[in-house]
Amino acid sequence: MAIETKPEILSLTEAELTELLVADGHKKFRAQQVFQWLHLKQVFDPAKMTNLKPEFHDYLRARFTLPEFKILNETRSPSDQTAKYLFEFGNRQVESVWLPYENRQSICISVQSGCSLDCSFCATGKIAFKGNLTAGQILSQVYGMQQLYDRRISNVVFMGMGEPFYNYDNAIRAASLIADQHGMNISRRRITLSTSGVLPGIKRFIEEKQPYRLALSLHAVFADKRRQIMDIEEKFSFEEVLEYLLQKRNDLQQGQLMFEYIMIDGVNIFPDDAKELARWAKLLKAKVNLIPMNTSFNGMHRPSDDKIIEFWQALVSRGIVAVNRKSPAKDIDGACGMLAGRQENTLKV
Ligand code: SF4
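Along every chain, residues carry numbers that run from 1 in the direction the sequence is written. Residues qualify for local features only when their pLDDT is at least 70, as the model is predicted, and side-chain atom pairs are given and counted only at 80 or more; totals for whole chains, interfaces and linings, by contrast, use all residues. The basis for the side-chain values is all heavy atoms of the structure; hydrogens and waters are excluded.

Novice: Help me understand the site of the ligand, please; the structure alone is not making it clear to me.
Specialist: Note on terminology: near, applied to a residue and a molecule or strand, indicates that one of the residue's heavy atoms is within 4 Å of it. The full set of residues close to the ligand is Cys115, Leu117, Cys119, Cys122, Thr124, Gly125, Gly160 and Gly162. Across the shell around the ligand, the residue classes break down as 4 nonpolar, 4 polar and no charged. The nonpolar class holds Ala, Val, Leu, Ile, Met, Phe, Trp, Tyr, Cys and Pro. Asp, Glu, Lys and Arg form the charged class, and all remaining residues, Gly among them, are polar.

Dropping the structure here:
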């Protein structure tokens, strides 16, 4: 006999919630109230939804799976205001990062527990892959962190553990709920999905005219080098991805596409790399986000400051908008490529 699973309330859109509540004989406005408690006020316990009657609290508990997560660990940076959180959803753990900047409040969230890919510079790729998160679990990281701070989150990047386009439906659903005007109402242009280059996902994203920003983790612009550091290159070559984006460049909004480029000493920061990266960035009108490797990992090292500046200048002198992103959160292992969880996560075998 099939086990009936209850719908996960946090993953539902307001329209879906309305449909279910109305079908159960409740008034439409109840769905609006519940949606706002969940997504605007981030209150998950029905007993605290003060404009609803106790019988309705019981109905919600019986009818839906309510958000349930624990924050197992918090690591605050001693040198800046960044903080890293270890969330637990059942037997799955993921990490998320709070990244305050002067003019914005960003967070970096995970879409999978572990990652099925294995980029050689990334700690997440080395731990066991436990699976996709639901949209509600992706959102729980946003709401869980927002509950801890008065400062309002303004930017969300899907760049923590996992590949968003291998969990496409849940990632897009979570993005649309974050942007919902009856919820946190975060501007769609301030929500970024980062992909290692999963071509079917990129195609779908563009065909569906998704309004979010798309960050392509390029990290190398020669196939042999990219293959050396990113296993995705075996499946979807970056040239195929970039050629596709070139064909579709008129379908992208201005500033929607950016390249992420991790700088690894002796690997991908030679003059030829800068020249080729600049060529593609110009063709696709993409901003380049340069991320110096945070530390030494897996035999790879951070370049010297001189080399970082030289590479950045080689792009800027070719007219490319290149941001040399400092690595916030690096002293808490919360920077790009450093999320590996701390408890229960076993290594890949
Ligand atoms: S960099 Fe991203 S895609 Fe690559 S292993 Fe890490 S989490 Fe996965």
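Novice: For this particular structure, what's the right way to read the nonpolar core?
Specialist: Proteins that are soluble and globular tend to have nonpolar side chains buried together. By size, the foremost hydrophobic cluster in this structure holds 105 residues, and its most contacted members are Phe121, Phe158, Leu245, Phe259, Val288 and Leu315. Strands here are runs of E lasting at least two residues and helices are runs of H or I lasting at least four, both read from the DSSP assignment and numbered beginning at the N terminus. In terms of residue count, helix α5 (residues 168–179) provides more of this core than any other element does, 8 residues in total. Domain assignment of the residues forming this core places at least three in each of domain 1 (9–63) and domain 2 (70–332). Residues belong to one nonpolar core when they are buried, are Ala, Val, Leu, Ile, Met, Phe, Trp, Tyr or Cys, and are joined through side-chain atoms within 4.5 Å. Exposure classes here rest on a 1.4 Å probe applied to the protein chains alone. A residue is buried below 20% of its type maximum, exposed above 50%, and partly exposed in between. Among the nonpolar cores identified, the runner-up in size contains 7 residues, and Val97, Leu99, Met159 and Met258 belong to it. These domain boundaries are the output of an automatic or database domain assignment.

Novice: I would appreciate a short explanation of helix α11 (residues 305–316) in the present structure.
Specialist: For an α-helix, 3.6 residues make a turn, and residues three or four places apart therefore share a direction. Taking 1.5 Å of rise per residue, the 12 residues of α11 would be expected to cover 16 Å, and the 16 Å separating its terminal C-alpha atoms lies within 8% of that figure. Within the sequence span of α11, burial applies to Ile308, Phe311, Ala314 and Leu315. Projection of α11 onto a plane perpendicular to its axis shows the buried side chains occupying an angular sector of 130°, all on one side. The exposed set on the far side of α11, more than 90 degrees from its buried face, consists of Asp305, Asp306 and Glu310. Helices are assigned an expected span. That span is 1.5 Å times one less than the residue count. In this description, the arc belongs to the directions extending from the helix axis to the C-beta atoms.

Novice: Where do I start with the environment of His26 in this structure?
Specialist: As for its placement among the helices and strands, His26 is situated in the loop between α1 (14–23) and α2 (28–39). On the basis of relative accessible area, His26 is assigned to the partly exposed category, the value being 23%. Taking the C-alpha atoms as reference points, His26 and Phe56, 30 residues apart in sequence, are found 9.5 Å from one another. Excluding residues that lie within four positions of it along the chain, His26 makes contacts with Leu21, Phe56 and Tyr59. Any pair of residues with heavy atoms lying within 4.5 Å of one another is described as a contacting pair.

Novice: Looking at this structure, how should I read the packing of aromatic side chains?
Specialist: Whether two aromatic rings pair depends on their centres lying within 6.5 Å, for rings of Phe, Tyr and Trp, where Trp uses its six-membered ring; planes under 30 degrees apart make the pair stacked, over 60 edge-to-face, and the rest tilted. This structure, assessed with the given rule, holds 11 aromatic pairs. Taken together through their ring pairs, the aromatic side chains of Phe44, Phe69, Phe87, Phe89 and Tyr143 make up a single cluster. Over the aromatic face of Trp37 sits the side chain of Lys41, whose NZ or CZ is 4.0 Å from the ring centroid. We call a charge positioned over a ring when the NZ of a Lys or the CZ of an Arg lies within 6 Å of the ring centre and within 35 degrees of the ring normal. Sitting over the face of the ring of Trp280, Arg279 holds its NZ or CZ atom 4.9 Å from the ring centroid.

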